[in-house]
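Now for the letters of each chain:
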Amino acid sequence: MGDVLAGFHAAWEFESDSVLIRYERGIRTPKLFQALGERRVPLEAVEGVTLTPGKRGTVVLRMEPRPGADPLMEAAAGQLKESSDPYRLVLPAERETLAEYYADELRCALTESGPAERHLVDAPKPPLSFKAYDGKASFDGSAVSFRWFWTGASSAKWKAGDQRFPVGELSGVEWRSPEVFEGHLRLLRRDAGPSPAQPDQDPAAVVFGLGYGPVHESLPFAAAVLAAVRTCEPVPAGIAPAARRDPADIAERIRHLGELHQAGLVTDEEFASKKAELLAEL
(Lines give C-alpha, C1' and ligand atoms only; values in the text may rest on other atoms or scores of the structure.)
Protein backbone atom coordinates (compact mmCIF):
# COMPACT_ATOMS: atom_id res chain seq x y z
CA MET A 1 0.00 0.00 0.00
CA GLY A 2 2.82 2.44 0.88
CA ASP A 3 0.54 4.96 2.62
CA VAL A 4 0.93 6.52 6.06
CA LEU A 5 -1.86 6.83 8.61
CA ALA A 6 -0.98 9.17 11.49
CA GLY A 7 -2.79 9.08 14.80
CA PHE A 8 -2.13 10.15 18.36
CA HIS A 9 1.34 9.04 19.53
CA ALA A 10 2.12 6.95 16.43
CA ALA A 11 1.99 6.68 12.63
CA TRP A 12 1.53 3.48 10.64
CA GLU A 13 3.21 3.09 7.26
CA PHE A 14 1.59 0.35 5.22
CA GLU A 15 3.94 -1.73 3.08
CA SER A 16 3.33 -4.77 0.91
CA ASP A 17 4.36 -7.30 3.55
CA SER A 18 4.46 -5.35 6.82
CA VAL A 19 3.36 -2.31 8.80
CA LEU A 20 6.09 0.02 10.04
CA ILE A 21 4.99 1.72 13.27
CA ARG A 22 6.80 4.91 14.25
CA TYR A 23 6.07 6.16 17.74
CA GLU A 24 6.16 9.85 18.57
CA ARG A 25 8.18 11.43 21.34
CA GLY A 26 6.63 13.85 23.77
CA ILE A 27 5.48 14.28 27.33
CA ARG A 28 2.05 12.80 26.53
CA THR A 29 3.34 9.79 24.63
CA PRO A 30 3.49 6.61 26.75
CA LYS A 31 7.08 6.00 27.81
CA LEU A 32 6.95 2.46 26.43
CA PHE A 33 6.26 3.85 22.95
CA GLN A 34 9.19 6.25 23.26
CA ALA A 35 11.47 3.40 24.34
CA LEU A 36 10.39 1.27 21.36
CA GLY A 37 10.97 4.05 18.84
CA GLU A 38 9.69 2.13 15.84
CA ARG A 39 8.68 -1.44 15.08
CA ARG A 40 8.18 -3.35 11.85
CA VAL A 41 5.31 -5.81 12.13
CA PRO A 42 5.25 -8.42 9.34
CA LEU A 43 1.73 -9.19 8.14
CA GLU A 44 2.34 -12.87 8.89
CA ALA A 45 2.54 -11.87 12.57
CA VAL A 46 -1.01 -10.48 12.50
CA GLU A 47 -4.22 -12.49 12.55
CA GLY A 48 -6.89 -9.81 12.73
CA VAL A 49 -7.75 -6.11 12.60
CA THR A 50 -10.43 -4.25 14.56
CA LEU A 51 -11.83 -0.74 14.47
CA THR A 52 -13.76 0.35 17.55
CA PRO A 53 -15.01 3.60 19.12
CA GLY A 54 -12.52 5.20 21.49
CA LYS A 55 -12.79 7.76 24.25
CA ARG A 56 -13.54 11.46 23.83
CA GLY A 57 -14.29 11.54 20.11
CA THR A 58 -11.76 9.00 18.85
CA VAL A 59 -11.66 5.66 17.06
CA VAL A 60 -9.12 2.90 17.65
CA LEU A 61 -7.54 0.85 14.88
CA ARG A 62 -5.83 -2.22 16.28
CA MET A 63 -3.86 -5.09 14.83
CA GLU A 64 -4.26 -8.38 16.68
CA PRO A 65 -0.88 -10.16 16.83
CA ARG A 66 -0.75 -13.94 16.63
CA PRO A 67 0.12 -15.63 19.94
CA GLY A 68 3.86 -16.14 20.16
CA ALA A 69 4.67 -13.85 17.22
CA ASP A 70 5.92 -10.91 19.28
CA PRO A 71 8.33 -11.41 22.21
CA LEU A 72 7.22 -8.10 23.74
CA MET A 73 3.57 -9.16 23.91
CA GLU A 74 4.52 -12.68 25.00
CA ALA A 75 6.54 -11.29 27.91
CA ALA A 76 3.76 -8.82 28.79
CA ALA A 77 1.26 -11.69 29.06
CA GLY A 78 -1.78 -9.42 28.95
CA GLN A 79 -0.56 -7.05 31.69
CA LEU A 80 -0.16 -3.89 29.61
CA LYS A 81 -2.57 -1.03 30.14
CA GLU A 82 -4.72 -0.30 27.12
CA SER A 83 -3.05 3.07 26.64
CA SER A 84 0.36 1.34 26.37
CA ASP A 85 -0.71 -1.29 23.83
CA PRO A 86 1.78 -0.88 20.93
CA TYR A 87 -0.72 -2.34 18.46
CA ARG A 88 -3.34 0.40 18.97
CA LEU A 89 -3.58 3.48 16.77
CA VAL A 90 -5.91 6.15 18.16
CA LEU A 91 -7.41 8.57 15.61
CA PRO A 92 -9.91 11.44 15.66
CA ALA A 93 -13.45 10.20 15.07
CA GLU A 94 -13.72 12.24 11.85
CA ARG A 95 -11.09 9.94 10.32
CA GLU A 96 -13.16 6.81 10.89
CA THR A 97 -13.94 6.31 7.19
CA LEU A 98 -10.24 6.46 6.31
CA ALA A 99 -9.40 4.10 9.17
CA GLU A 100 -12.05 1.65 7.97
CA TYR A 101 -10.48 1.70 4.51
CA TYR A 102 -7.08 0.74 5.88
CA ALA A 103 -8.61 -1.86 8.19
CA ASP A 104 -10.25 -3.54 5.17
CA GLU A 105 -7.00 -3.37 3.20
CA LEU A 106 -5.13 -5.03 6.05
CA ARG A 107 -7.75 -7.75 6.49
CA CYS A 108 -7.48 -8.65 2.81
CA ALA A 109 -3.69 -8.95 3.10
CA LEU A 110 -3.69 -11.29 6.12
CA THR A 111 -3.14 -14.98 5.46
CA GLU A 112 -2.01 -16.45 8.81
CA SER A 113 -3.76 -17.18 12.10
CA GLY A 114 -3.22 -19.14 15.29
CA PRO A 115 -0.03 -19.49 17.37
CA ALA A 116 3.23 -18.68 15.60
CA GLU A 117 6.03 -21.24 15.66
CA ARG A 118 8.64 -18.54 16.19
CA HIS A 119 8.95 -14.84 16.94
CA LEU A 120 8.19 -12.79 13.84
CA VAL A 121 8.54 -9.29 15.33
CA ASP A 122 12.02 -8.19 16.36
CA ALA A 123 12.74 -7.69 20.04
CA PRO A 124 14.63 -4.64 21.36
CA LYS A 125 18.35 -5.00 20.76
CA PRO A 126 20.88 -5.48 23.58
CA PRO A 127 22.83 -4.26 25.40
CA LEU A 128 20.06 -3.35 27.80
CA SER A 129 19.98 -2.59 31.51
CA PHE A 130 17.70 -1.17 34.17
CA LYS A 131 17.65 -0.59 37.92
CA ALA A 132 15.31 -2.75 39.95
CA TYR A 133 14.67 -2.18 43.64
CA ASP A 134 17.22 -4.72 44.81
CA GLY A 135 19.77 -4.71 42.01
CA LYS A 136 20.84 -3.74 38.52
CA ALA A 137 19.88 -6.08 35.66
CA SER A 138 22.06 -6.13 32.52
CA PHE A 139 21.81 -8.10 29.29
CA ASP A 140 24.60 -8.12 26.71
CA GLY A 141 22.96 -10.49 24.24
CA SER A 142 24.58 -13.65 25.58
CA ALA A 143 24.00 -13.52 29.34
CA VAL A 144 21.88 -11.78 31.97
CA SER A 145 23.65 -10.34 35.01
CA PHE A 146 22.21 -9.24 38.35
CA ARG A 147 24.31 -6.98 40.57
CA TRP A 148 22.73 -6.58 44.00
CA PHE A 149 22.28 -3.27 45.81
CA TRP A 150 23.18 -3.42 49.48
CA THR A 151 20.33 -1.03 50.23
CA GLY A 152 17.62 -3.28 48.76
CA ALA A 153 18.75 -6.87 48.29
CA SER A 154 17.69 -9.54 50.77
CA SER A 155 20.24 -11.45 52.83
CA ALA A 156 19.44 -14.52 50.69
CA LYS A 157 20.62 -12.70 47.59
CA TRP A 158 23.70 -11.33 49.32
CA LYS A 159 24.61 -14.84 50.42
CA ALA A 160 24.21 -16.08 46.83
CA GLY A 161 26.26 -13.19 45.45
CA ASP A 162 25.94 -11.40 42.13
CA GLN A 163 24.56 -13.61 39.41
CA ARG A 164 25.30 -14.29 35.74
CA PHE A 165 23.01 -16.47 33.62
CA PRO A 166 24.09 -17.50 30.09
CA VAL A 167 21.10 -17.48 27.76
CA GLY A 168 21.60 -21.17 27.00
CA GLU A 169 20.88 -22.02 30.64
CA LEU A 170 17.47 -20.32 30.52
CA SER A 171 14.09 -21.66 29.42
CA GLY A 172 12.06 -18.45 29.67
CA VAL A 173 11.29 -15.21 31.47
CA GLU A 174 8.54 -14.32 33.94
CA TRP A 175 7.62 -10.62 34.01
CA ARG A 176 5.14 -9.11 36.43
CA SER A 177 4.25 -5.48 35.81
CA PRO A 178 5.58 -2.92 38.31
CA GLU A 179 2.21 -1.19 37.92
CA VAL A 180 0.58 -3.99 39.91
CA PHE A 181 1.38 -5.35 43.37
CA GLU A 182 4.83 -6.93 43.75
CA GLY A 183 6.19 -6.68 40.23
CA HIS A 184 9.34 -8.58 39.32
CA LEU A 185 11.42 -10.14 36.56
CA ARG A 186 12.36 -13.76 37.12
CA LEU A 187 14.61 -15.88 34.92
CA LEU A 188 13.40 -19.44 34.40
CA ARG A 189 16.31 -21.87 34.34
CA ARG A 190 16.61 -25.18 32.53
CA ASP A 191 16.91 -28.25 34.74
CA ALA A 192 16.68 -26.17 37.91
CA GLY A 193 14.70 -27.05 41.00
CA PRO A 194 11.65 -25.10 42.22
CA SER A 195 12.24 -21.37 42.57
CA PRO A 196 11.68 -19.67 45.94
CA ALA A 197 8.08 -18.56 46.22
CA GLN A 198 9.04 -14.94 46.90
CA PRO A 199 11.07 -13.16 44.17
CA ASP A 200 12.94 -11.14 46.80
CA GLN A 201 14.47 -14.42 48.00
CA ASP A 202 15.27 -15.76 44.52
CA PRO A 203 18.77 -14.98 43.13
CA ALA A 204 17.31 -15.50 39.64
CA ALA A 205 14.88 -12.59 40.07
CA VAL A 206 14.88 -8.85 40.61
CA VAL A 207 11.95 -7.07 42.21
CA PHE A 208 10.39 -3.73 41.31
CA GLY A 209 9.51 -0.81 43.55
CA LEU A 210 8.37 2.77 43.22
CA GLY A 211 10.54 4.25 40.48
CA TYR A 212 12.47 1.00 39.98
CA GLY A 213 11.98 -1.33 37.03
CA PRO A 214 9.35 0.77 35.18
CA VAL A 215 7.46 -0.86 32.31
CA HIS A 216 9.30 1.01 29.57
CA GLU A 217 12.64 -0.32 30.86
CA SER A 218 11.89 -3.75 32.29
CA LEU A 219 9.47 -5.04 29.62
CA PRO A 220 11.74 -4.44 26.59
CA PHE A 221 14.52 -6.05 28.66
CA ALA A 222 12.34 -9.11 29.31
CA ALA A 223 11.37 -9.30 25.63
CA ALA A 224 15.00 -9.14 24.49
CA VAL A 225 15.99 -11.96 26.86
CA LEU A 226 12.98 -14.05 25.84
CA ALA A 227 13.81 -13.64 22.14
CA ALA A 228 17.42 -14.69 22.77
CA VAL A 229 16.27 -17.74 24.74
CA ARG A 230 13.98 -18.85 21.92
CA THR A 231 16.81 -18.78 19.38
CA CYS A 232 19.62 -20.14 21.53
CA GLU A 233 20.76 -23.72 21.81
CA PRO A 234 21.05 -24.92 25.44
CA VAL A 235 24.58 -25.00 26.84
CA PRO A 236 25.87 -26.75 29.95
CA ALA A 237 25.36 -24.64 33.05
CA GLY A 238 28.24 -23.04 34.87
CA ILE A 239 30.82 -23.00 32.08
CA ALA A 240 31.04 -19.21 31.72
CA PRO A 241 33.95 -17.72 33.67
CA ALA A 242 33.04 -15.11 36.25
CA ALA A 243 34.11 -11.60 35.41
CA ARG A 244 36.61 -9.95 37.75
CA ARG A 245 35.16 -7.07 39.71
CA ASP A 246 36.32 -3.71 40.99
CA PRO A 247 38.30 -4.10 44.26
CA ALA A 248 36.38 -1.20 45.81
CA ASP A 249 33.13 -2.99 45.00
CA ILE A 250 34.42 -6.21 46.60
CA ALA A 251 35.46 -4.27 49.72
CA GLU A 252 32.00 -2.73 50.00
CA ARG A 253 30.38 -6.14 49.69
CA ILE A 254 32.59 -7.64 52.35
CA ARG A 255 31.73 -4.70 54.62
CA HIS A 256 28.01 -5.27 54.09
CA LEU A 257 28.46 -9.00 54.58
CA GLY A 258 30.11 -8.20 57.92
CA GLU A 259 27.06 -6.13 58.90
CA LEU A 260 24.77 -9.07 58.11
CA HIS A 261 27.07 -11.32 60.17
CA GLN A 262 27.00 -8.96 63.15
CA ALA A 263 23.21 -8.75 62.91
CA GLY A 264 22.97 -12.53 63.09
CA LEU A 265 21.59 -12.92 59.57
CA VAL A 266 24.68 -14.81 58.39
CA THR A 267 26.36 -17.64 60.29
CA ASP A 268 30.10 -17.78 60.97
CA GLU A 269 30.51 -20.49 58.33
CA GLU A 270 28.48 -18.58 55.74
CA PHE A 271 30.43 -15.40 56.44
CA ALA A 272 33.80 -17.12 56.05
CA SER A 273 32.74 -18.97 52.91
CA LYS A 274 31.22 -15.94 51.17
CA LYS A 275 34.13 -13.71 52.13
CA ALA A 276 36.53 -16.21 50.56
CA GLU A 277 34.43 -16.27 47.38
CA LEU A 278 34.50 -12.49 47.14
CA LEU A 279 38.25 -12.30 47.70
CA ALA A 280 38.75 -14.93 44.98
CA GLU A 281 37.11 -12.58 42.48
CA LEU A 282 39.87 -9.97 42.87
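Peer 1: What exactly am I supposed to notice about the overall build of the protein here?
Peer 2: Counting its secondary structure elements, the protein contains seven helices and 14 strands. Along the longest, intermediate and shortest principal axes, the C-alpha atoms of the protein span 75 × 40 × 30 Å. Of the accessible surface of the protein, which amounts to about 14500 Å², a share of 51% is contributed by carbon and sulfur atoms. Each charge class in the protein can be summarised by its mean position, and for the 33 positive and 42 negative side chains these summaries are 4 Å apart.

Peer 1: For this particular structure, what's the right way to read the sheet that holds strand 13 (residues 184-189)?
Peer 2: Pairing in this open sheet of three strands is antiparallel, and the strands run 12-13-14 from one edge to the other. The outermost strands of the open sheet, each flanked by one partner alone, are strand 12 (170-176) and strand 14 (205-207). Strand-to-strand, the axes of this sheet are offset by a mean angle of 10 degrees, without reference to chain direction. Across three bridges, the pairing between strand 13 and strand 14 is antiparallel.

Peer 1: In this structure, what is going on with the environment of K157? I would like to understand it.
Peer 2: Within the fold, K157 resides in helix 4 (residues 155-160). Sequence separation of K157 and L51 is 106 residues, and the distance between their C-alpha atoms is 48 Å. In terms of polar contacts, K157 uses its side chain to reach the side chain of D134, at 2.5 Å. Of note is the side chain of K157, whose polar atom sits 2.7 Å from the backbone oxygen of A205.

Peer 1: Help me understand the sheet that holds strand 7 (residues 88-92) in this model?
Peer 2: Adjacent strands of a sheet pair through backbone hydrogen bonds, lying either parallel or antiparallel. The antiparallel open sheet is built from three strands, whose spatial order is 5-6-7. Two strands close off the open sheet at either side, each with one partner strand: strand 5 (46-53) and strand 7. For this sheet the average axis-to-axis angle between neighbouring strands, irrespective of direction, equals 15 degrees. Contacts from helix 3 (residues 96-109) reach strand 5, strand 6 (58-65) and strand 7, with the element oriented near 165 degrees to strand 5.

Peer 1: Looking at this structure, I do not really get the side chain of S177. What am I missing?
Peer 2: Within the secondary structure, S177 is located in the loop between strand 12 and strand 13. For S177, a relative accessible area of 1% puts it in the buried group. Engagement of the side chain of S177 in a polar contact is seen with the backbone nitrogen of E179, the distance being 3.0 Å. Once residues within four sequence positions are removed from consideration, S177 is found in contact with Q79, G183 and V215.

Peer 1: Could you clarify how one ought to interpret helix 5 (residues 215-231) in this entry?
Peer 2: Turn by turn, an α-helix covers 3.6 residues, leaving residues three or four places apart pointing in a common direction. Relative to the 24 Å expected for 17 residues at 1.5 Å per residue, helix 5 spans 24 Å between its end C-alpha atoms, a close match to the ideal helical length. The element helix 5 is largely enclosed, with a buried count of 13 among its 17 residues.

Peer 1: For this particular structure, what's the right way to read the pairing of strand 3 (residues 18-23)?
Peer 2: Burial analysis of strand 3 places five of its six residues in the buried class, the great majority of the element. Pairing of strand 2 (residues 10-14) with strand 3 involves five bridges; the strand directions are antiparallel. What sits directly across from F14, in strand 3, is V19. Counting the residues that bridge the hairpin from strand 2 to strand 3 gives three residues.

Peer 1: Explain the environment of A251 to me, please; I cannot follow it from the model alone.
Peer 2: Relative to the elements of secondary structure, A251 occurs in helix 6 (residues 247-262). Residue class for A251 comes out partly exposed when judged on its relative accessible area of 46%. Along the sequence, A251 and K275 sit 24 residues apart, while their C-alpha atoms lie 9.8 Å from each other.

Peer 1: Could you clarify how one ought to interpret the packing of aromatic side chains in this entry?
Peer 2: Pairs of aromatic rings are described using the distance from one ring centre to the other and the angle between the two planes. Summed over the entire model, instances satisfying the criterion amount to ten aromatic pairs. Residues Y101 and Y102 carry aromatic rings whose centres are separated by 5.1 Å and whose planes lie at 70 degrees to one another, so their mutual orientation is edge-to-face. Of the residues examined, Y101 reaches a relative accessible area of 41% and is grouped as partly exposed.

Peer 1: Can you walk me through unusual backbone geometry in this structure?
Peer 2: Among all residues except glycine, the phi angle is most often negative; among peptide bonds, the trans geometry is most common. Each neighbour pair has its own omega, and for P126 with P127 the value is 5 degrees, a cis peptide bond. Note on placement: P127 falls in the loop between helix 3 and strand 8 (128-131). Backbone geometry places R56, a non-glycine residue, at a positive phi of 50 degrees. Within the secondary structure, R56 is located in the loop between strand 5 and strand 6.

Peer 1: Mind showing me how you'd approach the pattern of salt bridges here?
Peer 2: Under the criterion given, the structure shown has 13 salt bridges. Linking R107 and E100 is a salt bridge whose minimum nitrogen-to-oxygen distance equals 3.3 Å. Since its relative accessible area comes to 31%, E100 is described here as partly exposed. For R176, the salt bridge is made with E174, and the minimal N-O distance between the two is 3.8 Å. With a relative accessible area of 21%, E174 lands in the partly exposed category. A cluster of three or more residues bridged by salt bridges with shared partners is formed by E174, R176, R186 and D202.

Conventions and cut-offs
- Residues numbered from 1 in each chain as written.
- Predicted model: local features only at pLDDT ≥ 70, side-chain atom pairs only at ≥ 80, totals over all residues.
- Heavy atoms only, no water.
- Helix = DSSP H or I, 4+ residues; strand = E, 2+ residues; numbered from the N terminus.
- Areas by Shrake-Rupley, 256 points an atom, 1.4 Å probe, with all protein chains shown as cover.
- Lys, Arg positive; Asp, Glu negative; His and termini not counted.
- Charge placed at Lys NZ, Arg CZ, Asp CG, Glu CD.
- Pairing = 2+ DSSP bridges.
- Axes fitted to C-alpha atoms, helices over the stretch in contact; angles between N-to-C directions.
- Polar contact = N/O pair within 3.5 Å; in protein donor to acceptor, adjacent residues only side chain to side chain.
- Contact = heavy atoms within 4.5 Å.
- Buried < 20%, exposed > 50% of the residue type's maximum accessible area, 1.4 Å probe, protein only.
- Expected span 1.5 Å × (residues − 1).
- Phe/Tyr/Trp six-rings, centres within 6.5 Å; stacked < 30°, edge-to-face > 60°.
- Salt bridge = Lys/Arg side-chain N within 4 Å of Asp/Glu carboxyl O.

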